[in-house]
Amino acid sequence: MRLLVLLKIALKSILKNKMRSFLTSLGIIIGVCSVIVMVGVGQGSQQKIEDSISSLGTNLILVFPNYSRVGGVTSSRSSRQSLKADDPQYLAENGEFILAASGSIRSRQQVVGGDSNWNTEVEGVDPGYLTIKSWAIESGTFFTERDNKSKKKVCVLGKTVADALFPNTDAVGQRLRIGNKPFMIIGVLTEKGETAMGNDQDDIILAPTKTVLTRLRGRDYLNQIYVSAINEDAIEAAQAEVTYLLQQKHGIEAGEADDFIVRTQTEITDMASETSKTLTLLLAAIAGVSLVVGGIGIMNIMLVSVTERTREIGIRLAIGARSNDVLRQFLYEAITLSLAGGFLGIMLAFGISSFMNRFTEINTVINPQIVMVAALFSGAVGIFFGYYPARKAARLNPIDALRYE
Amino acid sequence: MNKVIEMRGIVKNYQMGELEVRALRGIDLEIVSGEFVAIMGASGSGKSTLMNIIGCLDVHSEGEYYLDGENIQDMEADDFAEIRNVKIGFVFQGFNLLARTTALENVELPLLYNKSVKMREVVTKAEAALKLVGLGDRMDHDPSQLSGGQQQRVAIARALVNNPALILADEPTGNLDSRTSVEVMKLFQDLNDKGITIVLVTHERDIAEYAQRKVVLKDGHKIEDSPITKRRIAATDLQNIPEEG
Ligand SMILES: Nc1ncnc2c1ncn2[C@@H]1O[C@H](COP(=O)(O)OP(=O)(O)O)[C@@H](O)[C@H]1O
Ligand SMILES: [Mg+2]
């Protein structure tokens, strides 16, 4: 029989039992929705990581303290305190392939300036930081190595902080208190905007590393060091150089374990995406199971429906339906139900994901490919789980079916 | 006259576990085009079984059956489906309409399964059939909104919508009161007058008298096959039965 006619017949009987049809599709709706949202959450976190890494700077190499334990004992060489305040300068001055280097020590601080209060991130960095970040000063100046050496209490504001604390006046030359210590504002940074994931990069205050270490944190070690290679081709050479120079400076003999780890940006991105890919896959697998369960739900209801409609099948056979027509009618019903479920699931997923993006900390990224896969998969579920009940219907004998009470 | 139905020694056995039920025990039957035949007999005598075999809903165990000159033995399941769709129209005692489906949609069904009917003809043909049975004003009613007689007329419209050569009716008046029964018989007589062959199963003598010929079964045997001598005309009878309500 003509495809269109059979589709019409299938559609009619679906609409005749709206509640049952909805309940049948519910499994698919939830399954498809959870696949899309779960993968969206996984990919959202992946993108967030990649995003924050790539926003760090260009041709970037990162140095972390190595505090991994060797044989259960933290060796003297392996310490979270191994990166010292003058390491970045040493790298910048002695490295052939190193364009600039900067330490980093971050903390959230309450700051008071103008007439307002503001909670923001204060990052201790070296003068080379702007080069690494390819950032610039909008007004005023950036601090120098001399400011750093003399632990001067000067700072540079991100645009957001400047606008928040000094909405009507020029922030440069004003004073502000960071954690109750008075600082002089010597510059304001140009606006960098949000990252792709919506983090405001301008909500920050920069101050010299040594100032932050001594005046604010009372310690002498850095969280990490940023190094910028002179160009993209020199990244690996610069990585080797950083390793060599730090071994030299930290007095590490050949054969001894390094007390630091040097990673290129690409290596970090790869590691991070590897982790979140695994997470994404795990989430997708869990959601996939619910899609299969949804399919079994369709099969279950279709089987009941075939029994319930035995008489209808008998009538159709008596007036000229071929068994293939009956098979296709029930198959199309199952496919339509699961496709409709898939469609509703996709809609629901879009709703949930935009809700999550707006009202929660979790970012989701809806991947068109996943939506396609989910749609195709729900159709496949319909065929797979609809076939058995449909064949059962098609194999009915007309007389037995007509006599069925 | 060409033989629409030609049966030789038809036997039908049903296997009920250990037990073998011999529903038909050697039936010879010929029906020519344009006849109106009533099949009679007590309950369990094999009338429905014979009807189902004639209508290709079931296959016989022994014997030969030629439908329109073609041997049933040479056909396959899909051929039977096409025969039931185009050559034969069924009318059942229990109407067998699709529930929650309008009269029009019920009548459209056989057209949908008929390859030679174009989509745009479906509605007009179904409407014409419903008008023919006098239900032109009930087309969008569900079976539950129709009386028994009206439901049976929808079923008759469905049976004749593909212009079959043969209409098979198994106790079509079994669930109807006497006046509605005669109305249905009038429809059959009208259709028969137009040349459609009709085979009707009934155990009511007066209903059988609207046919031209009666075949009586007993325990799976044909025990009588004779013309109806005093044939009743439904149109005349209707004038003598008062309308109810
Ligand atoms: N599907 C079946 N399985 C077993 N026995 C059947 C079946 N159909 C009919 N019979 C038996 O065959 C005999 C004839 O039945 P049927 O043709 O329905 O009689 P009628 O229509 O004359 O009342 C009965 O004894 C009945 O029990
Ligand atoms: Mg019977």
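## Some thoughts on the site of ligand 1
Part 1: Surveying the vicinity of ligand 1 reveals 13 residues, the closest of which are Arg403 of chain A together with Gly44, Lys47, Ser48 and Thr49 of chain B.
Part 2: Ligand 1 is flanked by residues contributed from chains A and B.
Part 3: Here an oxygen atom of ligand 1 and a backbone polar atom of Gly44 of chain B are 2.7 Å apart.
Part 4: Within the contact set of ligand 1, an oxygen atom lies 2.7 Å away from a side-chain nitrogen or oxygen of Ser48 of chain B.
Part 5: Protein coverage of the free-state accessible area of ligand 1, which is 560 Å², stands at 72%.
Part 6: Elements with a contribution of two residues or more to the shell around ligand 1: β1 (3-16), β2 (19-32) and α1 (47-54) of chain B.

## Comments concerning the packing of aromatic side chains
Two numbers describe a pair of aromatic rings. These are the distance of the centres and the angle of the planes.
All names here are of chain A.
Part 1: Here the structure, examined in full by the defined rule, presents five aromatic pairs over all chains.
Part 2: With a centroid separation of 5.8 Å and 45° between ring planes, the pair formed by Tyr129 and Tyr226 is classed as tilted. In this pair, Tyr129 sits in helix α4 (residues 129-133) while Tyr226 sits in strand β9 (residues 224-229), placing the two residues 97 residues apart along the sequence.
Part 3: The class of Tyr129 is buried, set by a relative accessible area of 1%.
Part 4: Tyr226 sits in the buried class, given a relative accessible area of 1%.
Part 5: Seen in terms of ring centroids, Phe355 and Phe359 are 5.0 Å apart; in terms of plane orientation they differ by 50°. Their pairing is tilted. Here Phe355 pairs with Phe359, and both are found in helix α11 (residues 323-359), just four residues apart, close to one helical turn.
Part 6: Classification of Phe359 by relative accessible area gives exposed; the value is 57%.
Part 7: Against the face of Trp135 rests Lys192, its NZ or CZ located 4.9 Å from the ring centre.
Part 8: Looking at Lys249, its charged tip hangs above the ring of Tyr90, at a distance of 6.0 Å from the centre.

## Brief notes about the interface of chain A and chain B
Part 1: With 23 residues of chain A at the interface, the matching set in chain B holds 27 residues.
Part 2: For the pair chain A and chain B, the two sides together bury roughly 2300 Å², of which 56% comes from carbon and sulfur.
Part 3: Three residues, Arg2, Lys16 and Ile319 of chain A, lead the burial of chain A against chain B; their summed loss comes to 26% of the area buried on that side.
Part 4: Seen at the junction of chain A and chain B, the total is one salt bridge.

## Quick notes on unusual backbone geometry
Part 1: The residue Asn180 of chain A is not glycine, and still its phi comes out positive at about 75°.
Part 2: Tracing the backbone through its elements, the reader meets Asn180 of chain A in the loop between β6 (175-178) and β7 (181-189).
Part 3: Assessed through its relative accessible area of 61%, Asn180 of chain A is described here as exposed.
Part 4: A positive phi angle is found at Cys56 of chain B, which is not glycine, with a value near 60°.
Part 5: Judged by its relative accessible area of 4%, Cys56 of chain B falls in the buried class.

## Section: helix α8 (residues 235-250) of chain A
Note that an α-helix has 3.6 residues per turn; residues three or four places apart therefore point the same way.
All names here are of chain A.
Part 1: In this model α8 runs 22 Å from its N-terminal to its C-terminal C-alpha over 16 residues, within 8% of the 22 Å that 1.5 Å per residue would give.
Part 2: Along α8, the residues classified as buried are Ile235, Ala238, Gln239, Glu241, Val242, Leu245, Leu246 and His250. Looking down the long axis of α8, one finds its buried residues gathered within 165° of arc, a one-sided arrangement.

## A look at the domain arrangement of chain A
Part 1: You can read the domains of chain A as domain 1 (3-51 + 271-403) and domain 2 (81-258).
Part 2: Centre-to-centre, using C-alpha coordinates, domain 1 of chain A lies 53 Å away from domain 2 of chain A.

## Overview of the pattern of salt bridges
Residues and elements named next belong to chain A.
Part 1: Scanning the entire structure with this criterion turns up 28 salt bridges over all chains.
Part 2: Where Glu308 meets Arg20, a salt bridge forms, and the shortest distance between an N and an O atom there is 2.8 Å. One end of the pair, Glu308, is in helix α9 (residues 265-308); the other, Arg20, is in helix α2 (residues 18-54), with 288 residues separating them in the sequence.
Part 3: A salt bridge links Glu333 to Arg309; the nearest nitrogen and oxygen atoms lie 2.8 Å apart. Of this pair, Glu333 sits in helix α11 while Arg309 sits in the loop between α9 and α10 (310-318); the two residues are 24 residues apart in sequence, bridging distant segments of the chain. No difference in accessibility class separates Glu333 from Arg309, as the two residues are buried.
Part 4: One network of salt bridges, with partners in common, ties together Arg309, Glu312, Arg316 and Glu333.

## Remarks on the sheet that holds strand β10 (residues 221-227) of chain B
Sheets are built from strands paired through backbone hydrogen bonds, the pairs being either parallel or antiparallel.
All names here are of chain B.
Part 1: One open sheet holds the six strands; their spatial order is β6-β7-β8-β3-β9-β10, and the pairing between them is mixed. Looking at strand neighbours, the two that pair on one side only are β6 (88-91) and β10, the edges of this open sheet. Adjacent strand axes in the sheet meet at a mean angle of 15°, parallel and antiparallel pairs treated alike.
Part 2: Relative to strand β8 (residues 197-201), strand β7 (residues 166-170) runs parallel, the two sharing five bridges. Bridging across to β8, Ala169 finds its partner in Leu200.
Part 3: On top of the sheet, helix α2 (residues 77-87) reaches β6 and β7; it is set at about 75° to β6, its chief contact.

## Description of the packing of α10 of chain A against α11 of chain A
All names here are of chain A.
Part 1: Orientation of α10 relative to α11, taken along the N-to-C sense of each, is 140°, at an axis distance of 10 Å. Judged on the interaxial angle alone, α11 and α10 are oblique. Where α10 crosses over α11, the two elements pack in a sense that is right-handed. Residues Glu312, Ile313, Arg316 and Leu317 of α10 lie in contact with α11, whose contacting residues are Ser323, Val326, Gln329 and Phe330.
Part 2: Partitioning the contact of α10 with α11 into residue classes produces four nonpolar, two polar and two charged.

## What about the layout of surface pockets?
Part 1: Put simply, the largest pocket is a space of about 600 Å³.
Part 2: As for the largest pocket, its lining consists of 25 residues, and the residues nearest its centre are Arg403 of chain A together with Ser48, Asn52, Gln93 and Asp170 of chain B.
Part 3: If you list the elements that add at least two residues to the lining of the largest pocket, you get α13 (398-403) of chain A together with α1 of chain B.
Part 4: Ranked by residue count, the leading element in the lining of the largest pocket is α1 of chain B, at four residues.
Part 5: Taken together, the residues of the lining of the largest pocket break down into seven nonpolar, 12 polar and six charged.

## With respect to the environment of Ala136 of chain A
Residues and elements named next belong to chain A.
Part 1: Its location among the elements puts Ala136 in the loop between α4 and β4 (137-140).
Part 2: Its relative accessible area of 34% is what places Ala136 among the partly exposed residues.
Part 3: For the pair Ala136 and Val188, spaced 52 residues apart in sequence, the C-alpha to C-alpha distance is 8.9 Å.
Part 4: If near-sequence neighbours (up to four positions away) are discounted, Ala136 is found in contact with Leu189 and Thr190.

Rules behind the numbers
Residues numbered from 1 in each chain as written. Chains lettered and ligands numbered in written order. Predicted model: local features only at pLDDT ≥ 70, side-chain atom pairs only at ≥ 80, totals over all residues. Heavy atoms only, no water. Near = heavy atom within 4 Å. Polar contact = N/O pair within 3.5 Å; in protein donor to acceptor, adjacent residues only side chain to side chain. Areas by Shrake-Rupley, 256 points an atom, 1.4 Å probe, with all protein chains shown as cover. Helix = DSSP H or I, 4+ residues; strand = E, 2+ residues; numbered from the N terminus. Phe/Tyr/Trp six-rings, centres within 6.5 Å; stacked < 30°, edge-to-face > 60°. Buried < 20%, exposed > 50% of the residue type's maximum accessible area, 1.4 Å probe, protein only. Lys NZ or Arg CZ within 6 Å of the ring centre and 35° of its normal. Contact = heavy atoms within 4.5 Å. Buried area = accessible area lost by both parts, 1.4 Å probe. Salt bridge = Lys/Arg side-chain N within 4 Å of Asp/Glu carboxyl O. Expected span 1.5 Å × (residues − 1). Arc of directions from axis to C-beta. Domains from an automatic or database assignment. Pairing = 2+ DSSP bridges. Axes fitted to C-alpha atoms, helices over the stretch in contact; angles between N-to-C directions. Parallel < 35°, antiparallel > 145°, perpendicular 65-115°, else oblique. Left-handed = near helix turned anticlockwise from the far one by under 90°. Nonpolar A, V, L, I, M, F, W, Y, C, P; charged D, E, K, R; others polar. 1 Å grid on protein atoms, 1.4 Å probe; cavity = no way out; pocket = protein on both sides within 12 Å on 5 of 7 lines; lining within 4 Å. Points joined across faces, edges and corners; volume = space filled by probe spheres on them.

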